[in-house]
Amino acid sequence: MATHYSSSAPPVRLGRHSLQALIDALRGDGYTVIGPRLEDAAIVYAPLESADSLPEGWVDQQEGGHYRLLRGERPALFDYVVGPHSWKRYLYPPRQRLWQAHKQGKGWRVKEPLDNTAPYAFIGVRSCEIHAMRIQDRVFDNGAFADPAYIKRRQQAFIVAVNCAHPAATCFCTSMNSGPRAKEGFDLCMTELLDEQRHEFLVEAGSDKGAALLTRLPHRPCDENDLRQAEAVATAASQAMQREMAPDVAALLKRHPEHPRWQEVAQRCLSCANCTQVCPTCFCSTVEDVTDLSGQTAQRWRQWDSCFTLDFSYIHGGSIRRETRSRYRQWMTHKLSTWHDQFDTSGCVGCGRCITWCPVGIDITEEAKAIRDSEGGT
Amino acid sequence: MTHNADPMRPIPYRIHRVRSELADTFTLDLVPEDGVHSLNFAPGQFNMVYLFGGGEVPISISGDPARTAPLVHTIRAVGPVTRAMKALGRGDTVGIRGPFGTTWPVIEAEGSDVVIVAGGVGLAPLRPAIYHILANREKYGDVRLYYGARTPDDILFLSELREWRGRFDMIVEVTVDSARGYWAGRVGVVTHLLERGRYDPEETVALVCGPEIMMRFAIKTLNQRGVDNDQIYVSMERNMKCAIGFCGHCQFGPYFVCKDGPVFRFDQIASLFSLREL
């Protein structure tokens, strides 16, 4: 990916009310601004026109198969972590038309769709989510082939990261080296500084684009105390992390394709595909070829798919992965192990979504640990 | 890197000729609708073949790699898309994306004996390799083709098999799983031909394509005869939607069959091949 993130501009402070100026400036530059919104009792990523629409004062409570929003004790704008949405729904839409073809005599002609989507600005991107984007960058430009629509959307996107203050109980980014502090891959990165005296954001520029935008917003310089306070937020978040992924899980799973745990987890797994739909890196898709009633126009649509469906592995004669055991093994082994072989990175960023949104609360860290513990030793 | 601005966009090809091969199998000769698009392929590679509005399927190229036109695909009508393709005729148009995937080791096998093991329609992906080897016959040692079909009525490329059987520089043996009265050839699975074949295991490169169960037993027999896994190549089949590593459907352990395969040297995948439902 051609986007490079680096900037030497010093961090500055933005007041809580300058967030509107940030949104306005991005909108003025032609971006469609997307940010966290409270919808359907969850924090989702939706178009954001006003800073007042941010979920002020809400905190999330997450556990295996459990998600609740509660009123927090302070009017913070970002005191929750990630919800059921991820930014992939904008960079890699759940359903998109790849092309359309029209009959011409006995033949037909393909016309590419006009992609006139405005560039996106994402506000409130967490460190794990930046890592997820970088993982998908490797998927959709694999050296041999590239997805031009994805690359365009990705390169155009303006990323405003937010450092997490309070990880959910389902988070395990520290053990995946993907957070909680955003270190690169953003245009701007904000840390919310909120106490009795002030409600401000410490903002670092991560790109020239970000630095240039900062100069247009009302801001104040930072002092040592601000930097210390921001650092303390990240440190506290890191220390509050409750879950962790088993070390060396990639090699571990390679050793155990026939482990009895796969059968055991299959007793609980509903094969519902929720984990793959909320995962910010899962990229599998299927295509749907359709015609209109006259048969004159055909379209191809690409839509998210899941390795948990029976159809996913269908070839003439039947599906390869008929049992839930095989499908769960495929998903988890791919995510944590064979992903390294394919893309030189884990497919997991420790965001915990698959744990929270699993209707029966299956915990990927727990499954990995069970297999590790079965080997004995320390 | 990217050889097509949009690798998901099919190129229209017109059907120049349809040949009925078997009750459920047919061959399409295709020419580019714009008259100029050309597609160089290597033996073992495949295309995604698209039926207007109906869907797209991965199909190996079954023609001669030395000839860029027409493009030849042999298709067995087993699903909704391939059955609808069977109804197409001369002048109709299909879409082509490709070629994709890895190739049979026709270069690496130079200087070696070649044992080609095919089952059913698995002969189609191997035919380009056979064409190449016969066109460069002096570069190879002994060449053997062992082919198994279900019944005499299911023998693909019958006239070419007869022609190849008549050559003095190639051994061709055909067997069927079951036959009625007139069949004077061999009956039994293709593995039996491998057990008896007088090839030299040390000198052999084996190319195997057919149903997975047939490949499993063929490899076992080759191993028993002393042909090691790094001398054996197989072509794998998996569900594919994109053929470019994006859709995830064809994953086989760490591999994407679409771009790391379909042809694998067997030692690459031996440990995966024995896992059920991988």
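These numbers come from a predicted model, not from an experiment. (Residues numbered from 1 in each chain as written. Chains lettered and ligands numbered in written order. Predicted model: local features only at pLDDT ≥ 70, side-chain atom pairs only at ≥ 80, totals over all residues. Heavy atoms only, no water.)

## A look at the sheet that holds strand E6 (residues 95-104) of chain A
Residues and elements named next belong to chain A.
- On the basis of which strands lie adjacent, the open sheet formed by four strands has the order E7-E6-E14-E13 and antiparallel pairing. Each edge of the open sheet is held by one strand with a lone partner, namely strand E7 (107-111) and strand E13 (285-291). Averaged over all neighbouring strand pairs, the angle between strand axes comes to 25°, with direction disregarded.
- Bridge analysis of E13 against strand E14 (residues 297-304) gives seven bridges, and the strand direction is antiparallel. (Pairing = 2+ DSSP bridges. Helix = DSSP H or I, 4+ residues; strand = E, 2+ residues; numbered from the N terminus. Axes fitted to C-alpha atoms, helices over the stretch in contact; angles between N-to-C directions.)

## Here's the deal with the packing of helix H2 (residues 123-135) of chain B against helix H3 (residues 158-165) of chain B
All names here are of chain B.
- At a closest axis distance of 13 Å, the pairing of H2 and H3 adopts a crossing angle of 35°. Classified by chirality, the crossing of H3 by H2 is left-handed. Contacts between H2 and H3 involve Leu123, Arg127, Ile130, Tyr131 and Leu134 from the first element and Glu160, Leu161 and Trp164 from the second.
- By residue class, the composition of the contact of H2 with H3 is six nonpolar, no polar and two charged. (Left-handed = near helix turned anticlockwise from the far one by under 90°. Contact = heavy atoms within 4.5 Å. Nonpolar A, V, L, I, M, F, W, Y, C, P; charged D, E, K, R; others polar.)

## Some details on the environment of Glu258 of chain A
- Considering the arrangement of structural elements, one finds Glu258 of chain A in the loop between helix H7 (249-255) and helix H8 (260-268).
- Overall, Glu258 of chain A belongs to the partly exposed group, its relative accessible area being 44%.
- In this view, Glu258 of chain A contacts Arg325 and Arg329 of chain A together with Leu275 and Arg276 of chain B; residues no more than four positions away in its chain are not counted.
- For Glu258 of chain A, the side chain forms a polar contact with the side chain of Arg325 of chain A, separated by 2.6 Å. (Buried < 20%, exposed > 50% of the residue type's maximum accessible area, 1.4 Å probe, protein only. Polar contact = N/O pair within 3.5 Å; in protein donor to acceptor, adjacent residues only side chain to side chain.)

## As for the pairing of E14 of chain A
- For E14 of chain A, the tally of buried residues reaches six of eight residues, placing the bulk of the element in the interior.
- Taken together, E13 of chain A and the strand that follows it, E14 of chain A, pair antiparallel across an intervening segment of five residues, in which Gly295 of chain A is found at a positive phi of about 75°.

## Overview of the pattern of salt bridges
- Enumeration over the complete set of coordinates arrives at 48 salt bridges over all chains.
- As a salt-bridge pair, Glu264 of chain A and Arg261 of chain A come within 3.6 Å of each other at their nearest N and O atoms. Of this pair, Glu264 of chain A and Arg261 of chain A both sit in helix H8, three residues apart, roughly one helical turn.
- You can call Glu264 of chain A partly exposed: its relative accessible area is 34%.
- Glu56 of chain B is the partner of Arg97 of chain B in a salt bridge, and the nearest nitrogen-oxygen pair spans 2.8 Å. Here Arg97 of chain B, found in strand E6 (residues 93-100), pairs with Glu56 of chain B, found in strand E4 (residues 55-60); they are 41 residues apart in sequence, far enough to count as distant. (Salt bridge = Lys/Arg side-chain N within 4 Å of Asp/Glu carboxyl O.)

## Let's talk about the state of the cysteines
Residue and element names in this part refer to chain A.
- Counted under the stated rule, the structure contains zero disulfides over all chains.
- Just so you know, Cys222 is unpaired, no disulfide at all, and the nearest cysteine sulfur is the one on Cys189, 12 Å from it.
- Unpaired in terms of disulfides, Cys354 finds its nearest cysteine sulfur in Cys348, a separation of 6.4 Å. (Disulfide = S-S within 2.5 Å.)

## What about the domain arrangement of chain A?
All names here are of chain A.
- Per the domain assignment, the segments of chain A are domain 1 (12-239) and domain 2 (249-374).
- Each partner contributes residues to the interface: domain 1 has 42 residues there, and domain 2 has 42 residues.
- At the boundary of domain 1 with domain 2, total buried surface from both sides reaches about 3,600 Å², with 58% on carbon and sulfur atoms.
- Taken together, domain 1 and domain 2 are joined by three salt bridges.
- When grouped by side-chain class, the residues that make up the side of domain 1 that touches domain 2 number 19 nonpolar, 14 polar and nine charged. (Domains from an automatic or database assignment. Buried area = accessible area lost by both parts, 1.4 Å probe.)

## What about the sheet that holds strand E8 (residues 143-149) of chain B?
Residues and elements named next belong to chain B.
- Spatially, E10-E9-E8-E7-E11-E12-E15 is the arrangement adopted by the seven strands of the open sheet, whose pairing is mixed. With partners counted over all chains shown, the strands left at the sheet margins are strand E10 (186-187) and strand E15 (263-265), one partner each.
- Bridge count between strand E11 (residues 204-209) and strand E12 (residues 232-235): three bridges; the pairing is parallel. Among the inter-strand pairings, Leu207 is bridged to a residue of E12, identified as Tyr233.
- Along the sheet, H2 makes contact with strand E7 (113-119), E8 and E11, crossing E7 at roughly 155°.
- Docked against the sheet, helix H5 (residues 212-225) engages E7, E11 and E12, running at close to 165° with respect to E11.

## Things to note about the packing of aromatic side chains
- A complete count under the given rule lists 30 aromatic pairs over all chains for this structure.
- Relative to Tyr150 of chain A, the ring of Phe140 of chain A lies with its centre 4.9 Å away and its plane at 40°, an arrangement referred to as tilted. Separated by ten residues along the polypeptide, Phe140 of chain A in helix H3 (residues 127-140) and Tyr150 of chain A in helix H4 (residues 148-156) bring together distant segments of the chain. Of the two residues, Phe140 of chain A and Tyr150 of chain A, neither departs from the other in class, the shared state being buried.
- Taking the centre distance of 5.9 Å and the plane angle of 65° together, the rings of Phe145 of chain A and Phe100 of chain B count as edge-to-face. With Phe145 of chain A in the loop between H3 and H4 and Phe100 of chain B in strand E6, this pair bridges two chains. (Phe/Tyr/Trp six-rings, centres within 6.5 Å; stacked < 30°, edge-to-face > 60°.)

## Things to note about the interface of chain B and chain A
- Counting residues at the interface gives 47 residues for chain B and 55 residues for chain A.
- Taken over both partners, the interface formed by chain B and chain A buries close to 4,300 Å², and the fraction arising from carbon and sulfur atoms is 55%.
- Looking only at chain B, the three residues that lose the most surface to chain A are Phe52, Phe246 and Glu277 of chain B, adding up to 21% of its buried area.
- We note a salt bridge from Glu56 of chain B to Arg300 of chain A, for which the minimum N-O separation is 3.1 Å.
- Our count for the contact surface shared by chain B and chain A stands at 21 residue pairs in polar contact (both at pLDDT 80 or more).
- Looking at the side of chain B that touches chain A, the elements that each hand over two or more residues are E4, E6 and strand E14 (255-256) of chain B.
- At five residues, E6 of chain B tops the list of elements feeding residues into the side of chain B that touches chain A.

## Details of the domain arrangement of chain B
Residues and elements named next belong to chain B.
- Domain annotation of chain B identifies domain 1 (11-100) and domain 2 (113-235).
- Averaged C-alpha coordinates put domain 1 and domain 2 at centres separated by 24 Å.
- At the interface, 17 residues of domain 1 touch 14 residues of domain 2.
- Summed over both sides, the interface of domain 1 with domain 2 buries roughly 1,100 Å², with 64% coming from carbon and sulfur.
- When the area that domain 1 buries against domain 2 is broken down by residue, the three leading residues are Leu22, Ser62 and Arg76, summing to 37%.

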